[in-house]
Amino acid sequence: MKITPNYVLILARKSDDLAPLKFLLTRLSYSVTVATSEEQAISEVTKSIPCLVILTGSYSTWSQPFVTKLRDSTYAHGTTIVALTDCHAPSWLPQEDNPGLDGFLVKPISIDILSSLVQSAFVKQLCCSTSYT
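**Student:** I keep staring at the nonpolar core and nothing clicks. Help me out?
**Tutor:** Core analysis: the biggest nonpolar cluster contains 19 residues, and Leu 25, Leu 52 and Ile 54 have the highest contact counts within it. Of all the elements in the fold, those that place two or more residues in this core are β2 (7-11), α1 (18-27), β5 (52-55), β6 (80-86) and α4 (111-132). The element contributing the most residues to this core is α4, with five residues. In this structure, Leu 11, Ala 41, Leu 55 and Trp 62 belong to the second largest nonpolar core, which totals 17 residues.

Structure below.
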């Protein structure tokens, strides 16, 4: 598996958030791959390790076993995994109910926040990768 700088993987299943999110990431010149299923996301992770994974849709649209498998597949590489949620209708649960998630990306998303998130995820990945090599 190779690490690609500023590579973001989006799991976008049944989500209206994909187009604006992909637009912002592309505008920032980040490499973006969109997976439409959990299986496709795991397959993409085995090809190239993203610094950031964004899960779109409500927490009920992605399974805890998937999040665990995703975390296990990327743990040594320091991948940051966040779930996208609405500010007016938060769909997050307490952290102990979301093992494997690093946090939540709350809409509306500004280009500055997204850029900062990707940059910090990449730095985290660099730090983790050097400690495992």
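**Student:** Honestly, the sheet that holds strand β3 (residues 31-35) in this entry has me stumped. Any pointers?
**Tutor:** Whenever strands of a sheet pair, they do so through backbone hydrogen bonds, lying parallel or antiparallel. With respect to topology, five strands assemble into an open sheet ordered β3-β2-β5-β6-β7, the strand pairing being parallel. Edge positions in the sheet fall to β3 and β7 (103-107), since each has one partner strand and no second. In this sheet, adjacent strand axes meet at a mean angle of 25 degrees when their direction is disregarded. Relative to β6, β5 runs parallel, the two being bridged by four bridges. Across the sheet, the residue bridging to Leu 55 is Ala 83, located in β6.

**Student:** It is not clear to me how the environment of Val 45 should be interpreted in this structure. Could you clarify?
**Tutor:** Within the secondary structure, Val 45 sits in helix α2 (residues 38-47). Between the C-alpha atoms of Val 45 and Thr 74, which are 29 residues apart in sequence, the distance is 7.6 Å.

**Student:** Teacher, can you tell me more about α2 here?
**Tutor:** Two residues of an α-helix separated by three or four positions point the same way, owing to the 3.6 residues in each turn. Three or more residues of α2 are buried, namely Glu 38, Ala 41, Ile 42, Glu 44 and Val 45. One side of α2 carries all its buried residues, which in axial view fall inside an arc of 160 degrees. Seen from the buried face of α2, the exposed residues on the opposite side, beyond 90 degrees, are Glu 39 and Lys 47.

**Student:** I keep staring at the pairing of β6 and nothing clicks. Help me out?
**Tutor:** Every regular strand shows the same layout, with side chains that alternate between the two sheet faces. The element β6 is extensively covered by neighbouring structure, given that six of its seven residues are classed as buried. Of the strand pairs in this sheet, β6 and β7 are connected by five bridges, and their pairing is parallel. Across the sheet, residue Thr 85 finds its bridge partner in β7, namely Val 106.

**Student:** Just to check I follow, could you spell out the state of the cysteines for this structure?
**Tutor:** Should the sulfur atoms of two cysteines be covalently bonded, the bond is a disulfide. Counting across every chain of the model gives zero disulfides. In this structure Cys 127 is not part of a disulfide, and its nearest cysteine sulfur, from Cys 128, lies 6.8 Å away. The partly exposed category is assigned to Cys 127, whose relative accessible area is 49%.

About the criteria used
Residues numbered from 1 in each chain as written. Predicted model: local features only at pLDDT ≥ 70, side-chain atom pairs only at ≥ 80, totals over all residues. Heavy atoms only, no water. Core = buried A, V, L, I, M, F, W, Y, C linked by side-chain atoms within 4.5 Å. Buried < 20%, exposed > 50% of the residue type's maximum accessible area, 1.4 Å probe, protein only. Helix = DSSP H or I, 4+ residues; strand = E, 2+ residues; numbered from the N terminus. Pairing = 2+ DSSP bridges. Axes fitted to C-alpha atoms, helices over the stretch in contact; angles between N-to-C directions. Arc of directions from axis to C-beta. Disulfide = S-S within 2.5 Å.

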